[in-house]
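Descriptive analysis of the structure
This is what each chain is made of:
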Amino acid sequence: MDPAEALALLMSPPGRIDPYPTYELLRAHGPVARAGPVFFAVTGYAEADEILRDPRFGVMDDALRDQFLPGWRDSPAVAAISRSMLRTNPPDHSRMRRLAAGAFTPRRIAAMRDVVAAQADELVDTMLGRARAGEPVDFLADFAYPLPVGVICALLGVPAADRPLFRRWAADLTGVLEPEITLDELAVADRGAAELTGYFAALVEDRRRAPADDLTTALVQVHDADGGRLSGDELLANLVVLLVAGFETTTNLLGNGLVVLLDHPRAAQALRAHPDLAADHVEELLRYDSPVQLTTRVNTAPATVGGIDLPASSWTLLLLGAANRDPRRYPRPARFDPWRPPSHPLSFGAGPHYCLGAGLARLEAQVAFPLLLRRLPGLALAGRPRHRTRLTLRGYETLPVTIDTASAAAHRGTPAGTAPGTP
């Protein structure tokens, strides 16, 4: 199968649901595979990392959008994403990123640990209550979504009562991040973008009337003081992206990660007994089944990567999920091994566009998994879940689980590292 055929398979529904076999078909053509005159697929870790950090490579700008996506300004989804830091290049990207970065410093994230732990504990209580009442428990709906959405909404100043609104809107909008999208799918994405933008337009007006100690207020004040630092379109676009990116990736990390841990009981038991192993487990979960599988770049000047010449204005599809399983960097890459040396997966990217909320996502996962495994020792999958037919943001549609309430009661309040009845 040549690279173009493999990419066609990757974009098909079966390829999106399980991309890893197709990644290996592409890898057989080298770490950088030419799939067209100016189109390349990158499966190598070193090559993807190099491109992400090379200033000659950037995201699509307005001129390219005009060329390849005529009428994009009429699409609320494309326009919203394009005006945010996610899809802009320096200096605009750097300017916008600096304005939001203060909310995501290592010190501020570390200070949130107790709050995250308390919220996670409450969500486990809710799951247990549903299980005792004989109600079905969906890990995504009952834990993996409300935990990160609660954290990012608190940072942005979004009222708690509004949080249930965002899951569908975000799911609709993020379809626009897929490498291929139909007109029907774009219409759905546009609907989600319009809902989110409308919501934040109203919140911005609320914060003008009644400022609060939150990121939305801070960005509104920057815009109102100097529109050259942050335009009105940029303000709304970045609030939308901060919200969606703040929970969508983490929800998928928690869902994907739980399935992996339940499929690997030795690793789960080690983490249950020793929560200090959480950082290594989370890094390996990110590597093994990344919640973000790909990104794209365009180079402004000729470049040679992995021994392949890339002409100026070439498109590179960086398959982060494949790079995270590059056997040149990770021995036995298809094996989940949280005891492997520090791996630095590319799941959050690298270089100027490195995910602003990566530290927060890691914190939430490092808190959540040991807590879940300790308090719910009988947690199990209720059948095999099915992934969404999304490639860029990889996650499950639903994640039904069963809970052994008797064993959970025995472990309630048991300190980590001990068994019930242990002095």
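Once a new chain begins, its residue numbering starts again from 1 and follows that chain's sequence as written. Selection of residues for local features in this predicted model requires a pLDDT of at least 70, selection of side-chain atom pairs for listing and counting requires 80 or more, and totals for whole chains, interfaces and linings are taken over all residues. Hydrogens and water are ignored here; the side-chain numbers use all heavy atoms of the structure.

Stated formally: UniProt positions are given in the numbering used here, feature names are shortened, and annotations may be inferred rather than shown by experiment.
By the naming in an unreviewed UniProt entry, the protein chain is Cytochrome P450, taken from Micromonospora coxensis. Quoted verbatim from the Pathway (unreviewed entry) heading of the UniProt record, the comment on the protein chain is "Antibiotic biosynthesis; mycinamicin biosynthesis."

**Focus on the overall build of the protein chain**
Our working rule: Helix and strand assignments come from DSSP, with helices taken as H or I runs of at least 4 residues and strands as E runs of at least 2, each series counted from the N terminus. Here the radius of gyration uses the C-alpha set of atoms, whereas the globule reference equals 2.2 Å times the residue count to the power 0.38. The buried label applies to any residue whose accessible area, calculated with a 1.4 Å probe on protein chains only, is under 20% of its type's maximum; exposed applies above 50%, and partly exposed to all values in between. Contacts: residue pairs with any heavy atoms within 4.5 Å of one another. Residue burial considers only the protein chains on display, and all accessible areas are found by Shrake-Rupley using a 1.4 Å probe.
Each helix and strand in the protein chain was counted, giving 20 helices and 10 strands. On C-alpha atoms alone, the protein chain measures out to a radius of gyration of 22 Å, which is about the 22 Å that the 2.2 N^0.38 rule sets for 423 residues. A principal-axis box enclosing the C-alpha atoms of the protein chain has dimensions of 65 × 60 × 40 Å. Split into buried and exposed, the 423 residues of the protein chain put 55% on the buried side. Within the protein chain, contacts between residues separated by at least 24 positions form 72% of all contacts whose residues are at least 6 apart in sequence. In the structure as shown, the protein chain presents an accessible area of about 17700 Å², 57% of it carried by carbon and sulfur atoms.

**Thoughts on the nonpolar core**
Put simply, the rule is: We call a set of buried residues a nonpolar core when its members are Ala, Val, Leu, Ile, Met, Phe, Trp, Tyr or Cys and they connect through side-chain atoms within 4.5 Å of each other.
By size, the foremost hydrophobic cluster in this structure holds 114 residues, and its most contacted members are Phe104, Phe139, Phe143, Phe166, Phe200 and Phe369. The element that contributes the greatest number of residues to this core is helix α15 (residues 232–263), accounting for 15 residues. Discounting chain neighbours no more than four positions away, the residues touching Phe200 are Leu156, Val158, Leu236, Leu239, Val240 and Leu243. Ranked by size, the runner-up nonpolar core spans 14 residues in total, among them Tyr20, Tyr23, Leu294 and Leu391.

**A word on the packing of helix α14 (residues 215–225) against α15**
Where we set the bar: Here the axes come from fitting lines to C-alpha atoms, over the contacting stretch only for helices, and the angles between their N-to-C directions go from 0 to 180 degrees. Between 65 and 115 degrees an angle is taken as roughly perpendicular, under 35 as roughly parallel, over 145 as roughly antiparallel, and anywhere else as oblique. Rotating anticlockwise by less than a right angle from the far helix to the near helix defines a left-handed crossing, while the corresponding clockwise rotation defines a right-handed one.
Running from N to C, α14 and α15 cross one another at 165°; their axes reach a closest spacing of 10 Å. In terms of their interaxial angle, α14 and α15 are classed as roughly antiparallel. In the crossing of α14 with α15, the sense of the turn from one axis to the other is right-handed. On α15, the residues touching Leu215, Thr216, Leu219, Val220 and His223 of α14 are Gly232, Leu235, Leu239 and Leu242.

**Thoughts on the sheet that holds strand β10 (residues 400–402)**
Put simply, the test is: Two strands make a pair as long as DSSP finds a minimum of two bridges between them.
Read across the open sheet, the three strands follow the order β4-β10-β9; overall the sheet is antiparallel. Pairing within the sheet leaves two strands with one partner each, and these edge strands are β4 (137–138) and β9 (380–381). Summarising the sheet, β9 and β10 pair through two bridges and their orientation is antiparallel. Counted as the bridge partner of Leu381 is Val401 from β10.

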